[in-house]
Amino acid sequence: MTPPSNKGMRFPPEPLTRAEVGALLGAASRRSNSGVRLRALVATLYGSGLRISEALALLPKDVDLDAGTVRVRNGKGGKSRLVGIDPYSASLIQAWLDRRAQLGLTHRHPVFASYSKGHVGDLMSPRYVRAALAKLGMKAGIAKRVHPHGLRHSLAFDMAETGTPVHSIQRQLGHASLAITSRYVDHLRPTDVVQTMRARDWQTA
């Protein structure tokens with residue numbers, strides 16, 4: 001798998017809000033094949049918190065939209081897991097599953113396979129996805145970096161904001177331990193520190 005062009009560089013996490021994810025989806029075409037596929041990919045990354053490698057490895061049999069589940073067969077460390085996905089994200093994925101059937105893609109091909117002439121069924125390149133998301137973010141007018149792992153960050157942030165227990169976030173993201181998830185969430189959402197500082201009153205005049 002091709003490493004990202006910014007491999008080794010560190011950027012601060014910039015989770016997207018729900019409104020920003022909505023703007024991202026709104027900037028993608030609802031009619032073109034590539035737009036429908038990109039909307040479904042955003043829904044998978046944000047709706048289930050998968051890593052880009054996990055999302056691109058999905059086969060149709062791994063996605064049960066009626067049950068609201070996505071199965072990762074070979075996640076980080078070679079571990080498999082079953083995660084949930086919300087109905088709206090599932091509907092965007094279903095739209096792509098319906099479309100891809102018209103493009104020569106079968107159940108043997110990855111969900112997010114290429115459909116271009118001579119490359120039908122080929123794995124999509126992570127580099128292509130990163131570039132497409134960055135371009136989509138610019139089109140949507142989002143000032144933050146828009147990238148695959150950022151959508152995973154955004155799901156974790158949203159789950160924490162809405163009061164989801166840390167152990168549930170851990171299972172959804174596939175972290176090896178609760179401690180990892182706690183650090184992950186605290187880095188994205190340092191609530192205690194922010195509240196403490198907002199409560200300070202040092203004004204003397």
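Residues numbered from 1 in each chain as written. Predicted model: local features only at pLDDT ≥ 70, side-chain atom pairs only at ≥ 80, totals over all residues. Heavy atoms only, no water.

Draft legend 1. View of the overall build of the chain. Per the secondary structure count, the chain includes nine helices and three strands. Written out in order from the N terminus, the α and β elements of the chain read α-α-α-β-β-β-α-α-α-α-α-α. Out of the 205 residues in the chain, the part that is buried amounts to 42%. Pairs at least 24 apart in sequence give 59% of the contacts found in the chain among residues at least 6 apart. Carbon and sulfur atoms form 54% of the exposed surface of the chain, whose accessible area is close to 11,800 Å². (Helix = DSSP H or I, 4+ residues; strand = E, 2+ residues; numbered from the N terminus. Buried < 20%, exposed > 50% of the residue type's maximum accessible area, 1.4 Å probe, protein only. Contact = heavy atoms within 4.5 Å. Areas by Shrake-Rupley, 256 points an atom, 1.4 Å probe, with all protein chains shown as cover.)

Draft legend 2. Layout of helix H7 (residues 166-173). When H7 is considered as a whole, its buried residues turn out to be Ile 169, Gln 170, Gln 172 and Leu 173. Seen along its axis, H7 keeps its buried residues to an arc of 165°; they face one direction. (Arc of directions from axis to C-beta.)

Draft legend 3. Broad picture of the pairing of strand E2 (residues 69-72). Where strand E1 (residues 63-64) lies against E2, two bridges are found, and the strand directions are antiparallel. Pairing of Asp 64 across the sheet is with Thr 69, part of E2. Joining the antiparallel neighbours E1 and E2 is a turn of four residues, in which Gly 68 adopts a positive phi near 75°. Here E2 runs beside strand E3 (residues 81-84); their pairing, made up of four bridges, is antiparallel. Opposite Val 72, over in E3, you have Arg 81 as the bridge partner. (Pairing = 2+ DSSP bridges.)

Draft legend 4. The arrangement of the environment of Thr 181 in detail. As for its position among the elements, Thr 181 is in helix H8 (residues 178-188). By relative accessible area, which is 0% here, Thr 181 ends up buried. In this structure, Thr 181 is in contact with Val 166, Ile 169, Gln 170 and His 175, ignoring residues within four places of it in sequence.

Draft legend 5. Layout of the sheet that holds E2. The strand order across the open sheet built from three strands is E1-E2-E3, with neighbouring strands paired in antiparallel fashion. What marks the edges here is a single partner per strand, and that holds for E1 and E3.

Draft legend 6. Region of interest: helix H6 (residues 148-161). Here H6 contains 14 residues, and its C-alpha end-to-end distance of 20 Å stays within 8% of the 20 Å for a straight helix at 1.5 Å per residue. Of all 14 residues that make up H6, eleven are buried, and the element is covered over most of its length. Every buried residue belonging to H6 is among Pro 148, Gly 150, Leu 151, Arg 152, His 153, Ser 154, Leu 155, Ala 156, Asp 158, Met 159 and Ala 160, and all of these are buried. Directly beyond the C-terminal end of H6, a positive phi value near 85° is found at Gly 163. (Expected span 1.5 Å × (residues − 1).)

Draft legend 7. Region of the structure containing the nonpolar core. Counting 49 residues, the largest nonpolar core has Leu 24, Ile 93, Phe 112, Leu 133 and Leu 151 as the members making the most contacts within it. For this core, the secondary structure elements donating two or more residues are helix H1 (18-27), helix H2 (33-48), helix H3 (52-56), E2, helix H4 (87-100), helix H5 (126-139), H6 and H7. Per-element tally for this core: the top contributor is H2, with eight residues. Apart from residues no more than four positions distant in its own chain, Ile 93 is found in contact with Ala 40, Ala 43, Thr 44, Val 63, Leu 65 and Ile 85. (Core = buried A, V, L, I, M, F, W, Y, C linked by side-chain atoms within 4.5 Å.)

Draft legend 8. Structural detail: the packing of H6 against H7. With their axes 10 Å apart at the nearest point, H6 and H7 run at an angle of 160° to one another. The angle between the axes of H6 and H7 places the two elements in the roughly antiparallel class. Considering only the axes of H6 and H7, their crossing is right-handed. Across from Arg 152, Leu 155, Ala 156, Met 159 and Ala 160 in H6, the residues of H7 making contact are Ser 168, Ile 169, Gln 172 and Leu 173. Across the contact of H6 with H7, the residue classes tally to six nonpolar, two polar and one charged. (Axes fitted to C-alpha atoms, helices over the stretch in contact; angles between N-to-C directions. Parallel < 35°, antiparallel > 145°, perpendicular 65-115°, else oblique. Left-handed = near helix turned anticlockwise from the far one by under 90°. Nonpolar A, V, L, I, M, F, W, Y, C, P; charged D, E, K, R; others polar.)

Fair warning: the whole summary comes from geometry, so function is off the table for now.
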